[in-house]
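# Summary of the model geometry
Spelled out from the first residue to the last, the chains are:
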Amino acid sequence: MSGRTLYDKLWDSHLVTQRDDGSALIYIDRQLLHEVTSPQAFEGLALAGRRPWRLDANLATVDHNVPTENQAAGVEAIADPVSRLQVQTLDSNCDAFGITQFKMADPRAGIVHVIGPEQGATLPGMTIVCGDSHTATHGAFGALAHGIGTSEVEHVLATQCLVAKKMRNMRVTVSGPLGFGVTAKDVILAIIGQIGTAGGTGCAIEFAGEGIASLSMEGRMTVCNMAIEAGARVGLVGVDEKTIEYVKGRPFAPTGDLFDAAADSWRTLVSDADARFDHEVTLDGTLIEPQVSWGTNPEMVTGVHGQVPDPTQIDDPLKRGAVERALKYMGLTGGQSIDSIRLDRVFIGSCTNSRIEDLRDAAQVVDGKRVADSVKQAMVVPGSGLVKAQAEAEGLDQIFLEAGFEWRDPGCSMCLAMNADRLGPGEHCASTSNRNFEGRQGTGGRTHLVSPTMAAAAAVAGHFVDVREWL
Amino acid sequence: MQQFIRETGCVMPLDRANVDTDQIIPKQYLKSIHRTGFGVNLFDDWRYLDPGEPGMDHSTRRLNPDFVLNDARYQGATILLARDNFGCGSSREHAPWAILEYGFRVVIAPSFADIFFNNSFKNGLLPVTLEADAVEQLFALASAENPLQLTVDLETQTVAASEGFSASFEIDPFRRTCLLEGLDEIGLSLKEADAIRAFEAQHRQSQPWLFTHS
Ligand code: SF4
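First things first, this report covers the structure right here in the doc. If you're wondering where the values come from, they're calculated on a predicted model, not measured in any experiment.

### A look at the site of the ligand
- Looking at the ligand, the residues that line it are H64(A), I111(A), H113(A), D132(A), H134(A), S350(A), C351(A), C412(A), C415(A), L416(A), N434(A) and R440(A).
- Taken together, the residues of the shell around the ligand sort by class into five nonpolar, five polar and two charged.

Put into structure tokens, the structure is as follows:
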């Protein structure tokens, strides 16, 4: 018998029942909740007269709808009554059912995928679900983490289990070392550029190789976060000492002897050397350049020294049509160089890139410089209240403010523009978020996905530049 | 859950790959705390020429005459024909809710994004995966002057049209049964409550650190 992959191990250790028809019940250790995908689940639960199976497995926060200014005022700070009601509904549901929640103005609140790891509520070896596709982020800890829909949120609340079918195993190996100034965001964008937005459909992707092992935990989270943009619900990285160090001492993490016992167990959370994967992809990490997306899905991406593709050079009519449509939406010309794209706004934030290291990296680039006059707005939105406080303690807020950036309260913000932070029609934005879909950051808005350092440099230059020349 | 046995209806061809959930139902409509009210905002950015906000009277908005949903031929369509990777993007179940409420019961595509695929079954919307060739044929038939009437039968797992088209599709048996019988999945899982409890007790013993809480 060949060895098991990390995914196989996590699956096996959570399998409650395997049904004859191929489906299975798997036990869920942690459910993270937020205001957008939970109200209908709580309503369903209440209508059926059901109670949550295990209260302490749940943790809730508000993130998608919250304004990024004046959060200290609590829900009253939300001007839009529809948004306010959704946030209040989460508050009242958590109160009524007894679920731990970080409400607005609680410094521990923030983007759900930032606070899980920050609190140690994300632990290696767990199964984790959340009604949000970027739940893949938590796989950076060697946890089996998926995004689920609202019906499944209700199912997990009621049964502590998920009806699931085993996925296929895929491994993406990034050989190393990564080049100077190349970040986790560039790595994942390059991967998606290579395998496509459906490249990982039906698979759990394990990211491996020196290019991944050399990343910090926060970098690994950035990579796993965007597994979903490669079509995979699950991204994974095997546990190593960095993982264990990161978890140690966090509020929800075990302590003392229990921590040591846990750490011994966590060290086994790696794929066996003879494990077999259904798909294997390898990238030469030494060749990855800083990436910039030019189109309307994340596989439409290229290196900073590249060009926007020329549709007349594409034979396949479906592909050509897609590129033409994307260029039209983006207001770009085939063959145009990436560094000629001028920016109207810059957004540093989102569950992909709003952690303390992201902010440190971006601050280092802008330190002592000014946002270009042609850029209407450049904003930094920390991932959580605690990230914000940490950044302020290090003086990063002052660096950003002096450079002409806005320094905001935490939340999803312009990543999906459900609150007031959004692009106007036709505006180009250098964004550290994860989706460049049409209208994602505001109707008619044009998103270019980049790393925090690339976004910071673009803010200063007013157009894309190779940030490595600035470091 | 709404039962699904078979559906005969008109096919609307949506000729784009990678249709994402932000297009199916834009985020401003996700602020609702209800399961209904999304049908009028299905494909909002493509369907209307003016930007939409929740609470608007959508009957007064300007329709985009170039978008297929507004094509007179496809009014009352119940089967949506799409291209690769349909439903990619977020986990929002509002996407299948909007598609269903608009009136579609089936989406046919060569491939679907995983979470959307899964969410569809929970709501009585049948996603049917067909070979690329078959989808191509359907696009040709559905784009003709006379709209295509198709029957999608879950019992026999077939798709057929009087124009001579027929194909069969694969479906996971558990999902098939749930749809055919309109089963409550939570109720089904709770029948296994003893097994869940037993697993939980053993899990707590072998990995007690998974049960710590701050
Ligand atoms: S930051 Fe963006 S991608 Fe992440 S959870 Fe919020 S809306 Fe979703």
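Still more to cover.
### So, the packing of aromatic side chains
- Inspection of every chain in the model, using the stated rule, returns 17 aromatic pairs over all chains.
- Aromatic side chains Y27(A) and F199(B) sit 5.4 Å apart centroid to centroid with 40 degrees between the ring planes, which places their arrangement in the tilted category. In this pair, Y27(A) sits in strand β2 (residues 24-27) while F199(B) sits in helix α8 (residues 193-206), so the two residues belong to two different chains.
- With a relative accessible area of 8%, F199(B) lands in the buried category.
- Each ring, one from W46(B) and one from F67(B), has its centre 5.8 Å from the other, and the planes form 50 degrees; the classification is tilted. Placement of the pair is W46(B) in helix α2 (residues 44-47) and F67(B) in the loop between α2 and β2 (79-81), with a sequence separation of 21 residues.
- Aromatic rings pair up to connect F86(B), F112(B), F116(B), F117(B) and F121(B) into one cluster.
- The ring of Y246(A) is capped by R250(A), whose NZ or CZ atom sits 4.1 Å from the centre of that ring.
- Sitting over the face of the ring of Y48(B), R61(B) holds its NZ or CZ atom 3.8 Å from the ring centroid.

### Some thoughts on the side chain of R105(B)
Residues and elements named next belong to chain B.
- Turning to its location among the elements, R105 is positioned in the loop between α3 (94-102) and β3 (106-109).
- Of the side chains with opposite charge, E7 lies nearest to the buried R105, which makes no salt bridge, at 4.8 Å.
- If sequence neighbours within four positions are ignored, R105 has contacts with Q2, Q3, F4, E7, T78, L100, G124, L125 and L126.

### Overview of the interface of chain B and chain A
- Listed by partner, the interface residues are 57 residues for chain B and 83 residues for chain A.
- Overall, the association of chain B and chain A removes approximately 5,900 Å² of surface from exposure, summing both partners, and the carbon and sulfur fraction of that is 55%.
- In terms of surface lost to chain A, no three residues of chain B exceed K31(B), I33(B) and W209(B), which account for 13% of the buried area on that side.
- On inspection of chain B and its partner chain A, the count reaches eight salt bridges.
- In this structure, the connection of chain B to chain A is made through 32 residue pairs in polar contact (both at pLDDT 80 or more).
- Elements supplying a minimum of two residues to the side of chain B that touches chain A: α1 (21-24), α2, α3, α4 (114-121), α6 (173-181), α7 (185-190) and α8 of chain B.

### Topic: the environment of L63(B)
All names here are of chain B.
- Mapped onto the secondary structure, L63 falls in the loop between α2 and β2.
- In this structure the C-alpha to C-alpha distance between L63 and D44, which are 19 residues apart in sequence, comes to 9.8 Å.
- Filtering out sequence-adjacent residues up to four positions away, L63 remains in contact with R47, Y48, L49 and N70.

### Looking at the sheet that holds β2(A)
All names here are of chain A.
- Strand order across the open sheet formed by three strands is β1-β2-β8, with antiparallel pairing between neighbours. Among the strands making up the open sheet, the edge pair consists of β1 (15-18) and β8 (161-164). Across the sheet, the axes of successive neighbouring strands diverge by a mean angle of 20 degrees, strand direction being ignored.
- Pairing of β2 with β8, which is carried by four bridges, proceeds in the antiparallel orientation. Each bridged residue has a counterpart across the sheet, and for I26 the counterpart in β8 is L162.
- Helix α5 (residues 150-159) contacts β2 and β8 of the sheet and is inclined by roughly 130 degrees relative to β8.

### Side note on the packing of helix α12 (residues 356-366) of chain A against helix α13 (residues 385-393) of chain A
All names here are of chain A.
- Contact geometry for α12 and α13: axes closest at 10 Å, N-to-C directions at 40 degrees. The chirality of how α12 crosses α13 is right-handed. Where α12 approaches α13, its residues I356, L359 and R360 are matched on the opposing element by V387, Q390 and A391.
- Broken down by class, the residue content of the contact of α12 with α13 amounts to four nonpolar, one polar and one charged.

Cut-offs and rules
- Residues numbered from 1 in each chain as written.
- Chains lettered and ligands numbered in written order.
- Predicted model: local features only at pLDDT ≥ 70, side-chain atom pairs only at ≥ 80, totals over all residues.
- Heavy atoms only, no water.
- Near = heavy atom within 4 Å.
- Nonpolar A, V, L, I, M, F, W, Y, C, P; charged D, E, K, R; others polar.
- Phe/Tyr/Trp six-rings, centres within 6.5 Å; stacked < 30°, edge-to-face > 60°.
- Helix = DSSP H or I, 4+ residues; strand = E, 2+ residues; numbered from the N terminus.
- Buried < 20%, exposed > 50% of the residue type's maximum accessible area, 1.4 Å probe, protein only.
- Lys NZ or Arg CZ within 6 Å of the ring centre and 35° of its normal.
- Lys, Arg positive; Asp, Glu negative; His and termini not counted.
- Salt bridge = Lys/Arg side-chain N within 4 Å of Asp/Glu carboxyl O.
- Contact = heavy atoms within 4.5 Å.
- Buried area = accessible area lost by both parts, 1.4 Å probe.
- Polar contact = N/O pair within 3.5 Å; in protein donor to acceptor, adjacent residues only side chain to side chain.
- Pairing = 2+ DSSP bridges.
- Axes fitted to C-alpha atoms, helices over the stretch in contact; angles between N-to-C directions.
- Left-handed = near helix turned anticlockwise from the far one by under 90°.

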